[in-house]
Amino acid sequence: MSLNSTPSGERTHIGFFGRRNAGKSSLLNAFTNQEISIVSDYKGTTTDPVSKSMELLPLGPVTIIDTPGIDDEGDLGMLRVQKCIEVMRRIHIAIVVIDVTMGVTDEDIELINNLKARELPLIIALNKCDLCSAEVDIAELAKNISNSVSIDSSRIIAVSANDKTGINELKELTASVGSTMTGERSLLPDYIKAKDIVVLVTPIDSSAPKGRMILPQQQVLRAVLDINAKAIVVQVDELAEMVELLGDKIALVITDSQAFGKVNAIINDTLPLTSFSILMAKYKGDYDWQLIGANALDEIAAGDKVLIAEGCTHHRQCEDIGTVKLPNWITKKCGEGVEFDFLSGGEFKSPEELKEYKLVIQCGGCMLNENELKYRVNCCKEAGVPITNYGMAIAKLHGILDVVIKY
């Protein structure tokens, strides 16, 4: 991955929702100007969410997601609906597609209210306006929808995927809505400024991807460069020489969490220290709640279950941090008999399912956006189960949590 690429977790996610045959897939294809989704007159053609990354100016990089019909039926249909609901937890903007030839149904209103309850910015696209009869007053329909669900009429737009009516206007409206949401955030602590020296400790071992840096390292490096600070990248065995050379000119040392023990021994509490994972937790998640979760490691004992969740899927190495190193460190601190379960990718457990665990440990979430990470934290809160982050957990297990969270 190049430094110029925008990872999925940093893109604005825009979801298309609606009933079967409302024209979601056709509208998405028109929106992206590409044949992304399969289109047919048969209900339920879209069986799984389909994603497309693109640039939507002036908003920037976005991910567009087509979803199955919210009104699907049968056992298989309910699984498709569940997939649609899962998409809702990670999107930033929802576009509800309504087939004006069929009118507004109770299912449409229920969908809109569901999305509103999630506090998601909404746009309603009245699709197939080219096919509706002369008796259908689009303006009156939009007014009625606006009144019934309390949504600004400026967020309701008439479109046609067939003849491309209103497509550019829909893009402009979506970009405008997205632009009001974006705020300036930085992966770095607030006190890091231009010309400061930041040392990035990036171990190159058996678990490091061949020929490239892992995504959090890339993102932090870019964040340092973006504020015109100075980034020095070293491996663990090169750090002592750099500390001796620069001393207190170093504003911050950022390390891969699994190297905390070795790095802390080298700097010996003389320099500010944190990890890529902890910076990601502060950037995307509920930092304070995850800090509380790290201290729950003091209570883990034999027979307790710990869930370790990663946001990406990758080939497991013999020294994999999530499935090997973390369990070993926890066993060393808490004793034999702790049980571990593992999740990867976009799946996560419901609050009811989480109740069997004593602790959840979540990776930094570089492949997940902030909505998804907050959803996971909120699921744990609802279940009454503490959740923490890889970096915080590893710092706690190495006895240096108080050192690394100060920065």
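All of these numbers come straight from a predicted model, not from anything done at the bench.

Asker: Is there a simple way to think about empty space enclosed by the protein in this case?
Answerer: Inspection of the entire model under this criterion finds two cavities of 30 Å³ or more. The calculated volume of the largest cavity comes to roughly 60 Å³. Forming the walls of the largest cavity are Met280, Ala281, Gly285, Gln290, Gln362, Cys363, Gly364, Leu373, Val377, Ile387 and Asn389. Contributing elements (two or more residues each) for the lining of the largest cavity: helix 9 (276-284), helix 13 (370-383) and strand 14 (387-389).

Asker: What should I look at first to understand the nonpolar core in this one?
Answerer: The nonpolar side chains of soluble globular proteins are, as a tendency, buried together. Membership of the largest hydrophobic core comes to 46 residues, with the highest contact counts inside it found for Val199 and Ile361. The dominant element in this core, judged by the number of residues it contributes, is helix 14 (residues 390-397), at six residues. Ignoring sequence-local partners within four residues, the contact set of valine 199 consists of Ile232, Val234, Leu239, Met242, Ile250, Leu252, Val253 and Ile254. Listed in part, the 26 residues of the second largest apolar core include Val81, Val87, Leu111 and Leu115.

Asker: Whenever I open this one, the pattern of salt bridges confuses me. Can you help?
Answerer: Any two side chains of opposite charge can pair, so long as their charged atoms come close to each other. As enumerated under the stated definition, the model contains 19 salt bridges in all. Ionic pairing is found between arginine 89 and glutamate 372, a salt bridge with its closest N-O pair at 2.7 Å. Note that arginine 89 is positioned in the loop between helix 2 (74-88) and strand 4 (93-99) and glutamate 372 in helix 13, a separation of 283 residues in sequence. Two residues, lysine 305 and glutamate 356, come together in a salt bridge whose shortest N-O distance is 2.6 Å.

Asker: Where do I start with helix 5 (residues 167-179) in this structure?
Answerer: Residues spaced three or four apart along an α-helix face the same direction, because each turn holds 3.6 residues. If you check helix 5, its first and last C-alpha atoms are 18 Å apart, about what 13 residues at 1.5 Å a residue would give, namely 18 Å. Taken residue by residue, helix 5 has Ile167, Leu170, Leu173, Thr174, Ala175, Val177 and Gly178 as its buried positions. Along its buried surface, helix 5 packs onto strand 1 (12-18), helix 1 (24-32), strand 2 (50-56), strand 4, strand 5 (122-127) and strand 6 (156-158).

Asker: Help me understand the packing of helix 7 (residues 236-246) against helix 8 (residues 260-267), please; the structure alone is not making it clear to me.
Answerer: Two measures define how a pair of helices packs: the angle their axes make with one another and the distance between the axes. For the pair helix 7 and helix 8, the least separation of the axes is 10 Å and the interaxial angle reads 20°. Classified by the interaxial angle, the pair formed by helix 7 and helix 8 is roughly parallel. The crossing of helix 7 and helix 8 is right-handed. Contacts between helix 7 and helix 8 pair Val236, Leu239, Ala240 and Val243 from the former with Lys262, Val263, Ile266 and Ile267 from the latter. Residue composition of the contact of helix 7 with helix 8, by class: seven nonpolar, no polar and one charged.

Asker: Teacher, can you tell me more about the environment of isoleucine 112 here?
Answerer: Its location among the elements puts isoleucine 112 in helix 3 (residues 106-117). Spatially, the C-alpha atom of isoleucine 112 lies 9.3 Å from that of phenylalanine 17, the residues being 95 residues apart in sequence. Dropping the residues within four chain positions of it, isoleucine 112 is found in contact with Val96, Ile98, Leu122, Ile124 and Val149.

Asker: I'm lost on unusual backbone geometry in this one. Help?
Answerer: Among all residues except glycine, the phi angle is most often negative; among peptide bonds, the trans geometry is most common. Cis geometry marks the peptide bond from leucine 57 to proline 58, where omega comes out at 5°. Within the element layout of this structure, proline 58 appears in the loop between strand 2 and strand 3 (60-66). Phi at lysine 128 takes a positive value of approximately 65°, unusual for a residue other than glycine. With respect to the helices and strands, lysine 128 occurs in the loop between strand 5 and helix 4 (138-149). Judged by its relative accessible area of 21%, lysine 128 is partly exposed. For asparagine 228, which is not glycine, the phi dihedral falls at a positive 60°. Tracing the backbone through its elements, the reader meets asparagine 228 in the loop between helix 6 (215-226) and strand 8 (230-234).

Rules used throughout
- Residues numbered from 1 in each chain as written.
- Predicted model: local features only at pLDDT ≥ 70, side-chain atom pairs only at ≥ 80, totals over all residues.
- Heavy atoms only, no water.
- 1 Å grid on protein atoms, 1.4 Å probe; cavity = no way out; pocket = protein on both sides within 12 Å on 5 of 7 lines; lining within 4 Å.
- Points joined across faces, edges and corners; volume = space filled by probe spheres on them.
- Helix = DSSP H or I, 4+ residues; strand = E, 2+ residues; numbered from the N terminus.
- Core = buried A, V, L, I, M, F, W, Y, C linked by side-chain atoms within 4.5 Å.
- Buried < 20%, exposed > 50% of the residue type's maximum accessible area, 1.4 Å probe, protein only.
- Contact = heavy atoms within 4.5 Å.
- Salt bridge = Lys/Arg side-chain N within 4 Å of Asp/Glu carboxyl O.
- Expected span 1.5 Å × (residues − 1).
- Axes fitted to C-alpha atoms, helices over the stretch in contact; angles between N-to-C directions.
- Parallel < 35°, antiparallel > 145°, perpendicular 65-115°, else oblique.
- Left-handed = near helix turned anticlockwise from the far one by under 90°.
- Nonpolar A, V, L, I, M, F, W, Y, C, P; charged D, E, K, R; others polar.

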